[in-house]
Amino acid sequence: MNELVLFLPCAAGVEEFLAHEAHTLTGLAGHDLLVGRGGVLLPRAPWRDALRLNLHSRLTQRVLVRLGQGGYRGEDDLYALAAGIAWEIWFTPRQSFKIEVTAQHSPLKSLNFAALRVKDAVADRFRAKAGVRPDVQTRWPDVRIHLHLTTDEAQLYIDTSGEPLFKRGWRDVADGGAKGDAPLKETLAAAMIAASGWDPHGGEPLPLYDPCCGSGTVAIEAAQIACRIAPGLRRRFAFEKLLPFQAHVWSAIKEEAQSQVVAPAAAVFGSDISHRMVDFAQRNAERAGVAHALQLRGGDALQRMPPSTQPGLLLLNPPYGERIAAAGSAGRNAEQRAQERLEGAVPRAGRESAQVEDGGDFFAQLAAHWKKHYAGWQAWMLTPDLKLPGRMRLKESRRVPLWNGPIECRLFRFDLVAGSARARPAGGAGDAP
């Protein structure tokens, strides 16, 4: 267990940030840390690193151990590959398992049949070794086996994470997950923070503010970073059911992580026009252990003044498309607001409704508000709209490609100055289009 092949999958655009994080957590570099499309490979990592990465990584989706790989032309080749793996050193026939398949340009006609053949191989090996076979459980298996197919190569992994790692363990299912109508995955929030370069533990820490915080994902992630709270401290992992697991080793790793928790090293703020969302965010912050480390308020993004006298970072994933009005009531035109007052209506806010079709009014007003009141701040905004800087009459100094699930986005950086910033030069030549 001292030379495992670990694969850390991540969203497109996050690979370099994840590689830096993996290096920081494990010390591995060079040929022992390889960056590829969609993830980072650690070809010679100890079992202990698999546990530490599950506990501490904010950017990877899972920690997978690669147990086999080889060429294939049909399902029988997949059976042979799976049958040659010593599954019995990882789990017992008393445990349930599930096969999950992903593919890129696989020539196979049925991925379900591919999964069935791998399942048969695992079960047949246990029957041959122990006389009994484990059960298949598709919903809550003890063990998840991942089969990944390319055009001509198959790879088999055992999953040490279980639930994907963006599930930090602080959202309450009974509270509807306390995530509202337009949730942002915690791994993407962490990628936004990493891309911005915000470091509360280096030099003079800058305050961080999300004026469209929704259920608080960005603010809570930032507050945990400021407190050095490991993201996995409040959840369980699949490796706890695997045979290599040693409870005393895991306890020591968690105790070490707990000892690193500190008072918040930087101020973190969040606000949202929807008091319902602010309530969600407050409850989430309490469960995440950072209620003391951030300040949450209700308020219109187009009217909120800077939460600190020291300029810092605005970091937000504003609503877009049909949910654009979520960010601020001032995004509605005067006639709409007047009609609402006449009718005694309560404006629907938060991330639930849309009064501005394309968001043009809102984003133009937001830029004007920032230029008037937030001079000296950096604004980082994640959006799928590549034309957003022009609509805001701002010139971006950086644009970082990131994917929000299947949606290709850009994280734009705007260096805010009083008055118009449209003529400011772009960032370095290495910035991605």
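First, a word on scope: everything that follows refers to the structure included in this document.

Cut-offs and rules
- Residues numbered from 1 in each chain as written.
- Predicted model: local features only at pLDDT ≥ 70, side-chain atom pairs only at ≥ 80, totals over all residues.
- Heavy atoms only, no water.
- Helix = DSSP H or I, 4+ residues; strand = E, 2+ residues; numbered from the N terminus.
- Contact = heavy atoms within 4.5 Å.
- Phe/Tyr/Trp six-rings, centres within 6.5 Å; stacked < 30°, edge-to-face > 60°.
- Buried < 20%, exposed > 50% of the residue type's maximum accessible area, 1.4 Å probe, protein only.
- Axes fitted to C-alpha atoms, helices over the stretch in contact; angles between N-to-C directions.
- Parallel < 35°, antiparallel > 145°, perpendicular 65-115°, else oblique.
- Left-handed = near helix turned anticlockwise from the far one by under 90°.
- Nonpolar A, V, L, I, M, F, W, Y, C, P; charged D, E, K, R; others polar.

This brings us to the environment of lysine 185. Relative to the elements of secondary structure, lysine 185 occurs in the loop between strand 7 (153-159) and helix 5 (186-196). Expressed as a C-alpha distance, the spacing of lysine 185 and asparagine 404, which sit 219 residues apart in the sequence, is 8.3 Å. Discounting residues that sit within four places of it in the chain, lysine 185 has contacts with Phe166 and Thr217.

The full count for this structure, using the stated rule, is 12 aromatic pairs. Ring plane angle 80° and centroid distance 4.9 Å describe the contact between phenylalanine 239 and tryptophan 250, whose orientation is recorded as edge-to-face. Of this pair, phenylalanine 239 sits in the loop between helix 6 (217-227) and helix 7 (247-259) while tryptophan 250 sits in helix 7; the two residues are 11 residues apart in sequence, bridging distant segments of the chain. Both residues of the pair, phenylalanine 239 and tryptophan 250, belong to the buried class.

Here the focus is the packing of helix 1 (residues 15-26) against helix 2 (residues 47-56). The geometry of helix 1 relative to helix 2 is characterised by a closest axis approach of 10 Å and an angle of 125° between their N-to-C directions. Taken together, the axes of helix 1 and helix 2 are oblique relative to one another. Like other packed secondary-structure pairs, helix 1 and helix 2 cross with a definite hand, here right-handed. Residues Glu21, Ala22, Leu25 and Thr26 of helix 1 pack against Asp49, Arg52, Leu53 and His56 of helix 2. Here the contact of helix 1 with helix 2 is built from residues that sort into 3 nonpolar, 2 polar and 3 charged.

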